[in-house]
Amino acid sequence: MEEDVAADVVRRLEALGVDYCITGSEALPRYGEPRQTADIDIVLAMPVGEFSRIRDAFKADYVVNEPTAVQGRAMASVVAQSGLGKADLILDRDDAWARSAMARREEWDHPRLGRVWVLSLEDLILAKMEWSGGISELQLRDCANLLRTNTPGVDWNYLERYARVLGVEELLARLRASSA
């Protein structure tokens, strides 16, 4: 497959009519310093019970790994049979923050992928804090860089509200103090 795998995955999701947003390292350049990554992380507004739509749309060109529970969420992946790329798929969980994050996603002209949906700045920070569990230096460094780079535009009320919901309020306080 000659086409960029991440672009192909996004194109197929859009053809299926699946609401999605890019998170992780591929979303970083929207708000700050880019970071090299081996795959793309995509949140899907799709319950696990509808995953067969993904399987059917990708099985000809990808190895499709079925959803499994990872840190309280359903994760799946599609790996290009060419071996040239992978997309991790985070199936939509049904809680207030997940619904808010999908509603607040932003359209962006990604330098490589074209027009895509990405998490908002605040939701990207929250996602990285939650995923890090407070121990991943890489994720926490990303959060600190995002806060430092975007300080004037950060919606602190939103961040604080959902940091409490996600149980990362102490981590946010530490990051806020270090980015001041």
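Scroll up to find the structure this text is about.
Report follows, based on the coordinates. These numbers were taken from a predicted model, which means no experiment stands behind them.

The rules we used
- Along each chain, residue indices are assigned from 1 in the same order as the chain's sequence is written.
- Given that this is a predicted model, residues contribute local features only at a pLDDT of at least 70 and side-chain atom pairs are listed and counted only at 80 or more, while totals for whole chains, interfaces and linings are drawn from all residues.
- Side-chain numbers here rest on the full set of heavy atoms in the structure, without hydrogens or water.
- For the purposes of this entry, the term helix denotes a DSSP run of H or I that reaches at least four residues, the term strand denotes a run of E that reaches at least two, and both are numbered from the N terminus.
- Note on method: radius of gyration uses C-alpha positions; expected globular size equals 2.2 Å times residues raised to 0.38.
- Each residue is placed in one exposure class: buried if its accessible area under a 1.4 Å probe, protein chains only, is under 20% of its type's maximum, exposed if it is over 50%, and partly exposed if it falls in between.
- We call two residues contacting when some pair of their heavy atoms lies within 4.5 Å.
- Areas reported here follow the Shrake-Rupley algorithm with a probe of radius 1.4 Å; residue values treat only the protein chains shown as occluding.
- Positive charges are assigned to Lys and Arg, negative charges to Asp and Glu, while His and the chain termini are left out of the count.
- Positions of charges follow a simple convention, taking NZ of Lys, CZ of Arg, CG of Asp or CD of Glu.
- Salt bridges, as used here, are contacts in which a Lys or Arg side-chain nitrogen is within 4 Å of a carboxyl oxygen on Asp or Glu.
- Multiply 1.5 Å by the residue count of a helix minus one, and that product is the helix's expected span.
- Two N or O atoms count as a polar contact when they lie within 3.5 Å, although within protein this holds only if one can serve as hydrogen donor and the other as acceptor, and sequence-adjacent residues are included solely when both atoms are side-chain atoms.
- Here the aromatic set is Phe, Tyr and Trp, taking the six-membered ring for Trp, and pairing holds for ring centres within 6.5 Å; pairs whose planes are under 30 degrees apart are stacked, those over 60 apart are edge-to-face, and all others are tilted.
- For our purposes a nonpolar core is just a set of buried Ala, Val, Leu, Ile, Met, Phe, Trp, Tyr and Cys residues, chained together by side-chain atoms within 4.5 Å.
- The pairing criterion is simple: DSSP has to find at least two bridges between the two strands.

Attention now goes to the overall build of the protein. Across its full length, the protein holds eight helices and seven strands. At 16 Å, the protein has a C-alpha radius of gyration in line with the 16 Å of a compact globule built from 180 residues. Looking at the protein as a whole, 49% of its 180 residues are labelled buried. If you take every contact in the protein between residues at least 6 apart in sequence, the share linking residues at least 24 apart comes to 58%. Accessible surface for the protein amounts to roughly 8800 Å². Of this, 49% is attributable to carbon and sulfur atoms. Across the protein, the 22 positively charged side chains and the 30 negatively charged ones have centroids separated by 2 Å.

This paragraph deals with the pattern of salt bridges. Evaluated as defined, the whole model comprises 21 salt bridges. Among the ionic contacts, a cluster of salt bridges with common partners joins Asp-8, Arg-11, Arg-12 and Asp-61.

Before going further, it helps to spend a moment on helix H1 (residues 5–16). With 12 residues, H1 should reach 16 Å at 1.5 Å per residue; the first-to-last C-alpha distance of 17 Å fits that figure. The distance from a side-chain oxygen at the start of H1 to the backbone nitrogen of Ala-6 is 2.9 Å, and the residue carrying that oxygen is Asp-4. Positive phi appears at Gly-17, one or two residues downstream of H1, with a value of about 75 degrees.

Summed over the entire model, instances satisfying the criterion amount to two aromatic pairs. For the ring pair Phe-58 and Tyr-62, a centre distance of 5.2 Å and an interplane angle of 75 degrees mean the geometry is edge-to-face. Each member of the pair, Phe-58 as well as Tyr-62, carries the same accessibility label: buried. Between Tyr-158 and Tyr-162, the ring centres sit 4.9 Å apart and the planes meet at 55 degrees, which makes this aromatic pair tilted.

With 62 residues, the main nonpolar core has Ile-22, Ile-42, Leu-44 and Leu-89 as its most contacted residues. Leave out the neighbours within four places in its chain, and Leu-89 touches Ile-42, Leu-44, Phe-51, Ile-54, Ala-74, Met-75, Ala-76, Ser-77 and Val-78.

Note that Val-78 resides in strand S4 (residues 73–80). Exposure remark for Val-78: the relative accessible area of 0% places this residue in the buried category. Taking the C-alpha atoms as reference points, Val-78 and Val-63, separated by 15 residues in sequence, lie 5.7 Å from one another.

Residue alternation in strand S1 (residues 20–23) divides its side chains into two sets, Tyr-20 and Ile-22 and Cys-21 and Thr-23, and both sets are buried. Pairing geometry for S1 and strand S2 (residues 40–44), over four bridges, is antiparallel. Residue pairing in the sheet places Cys-21 in a bridge with Val-43 of S2.

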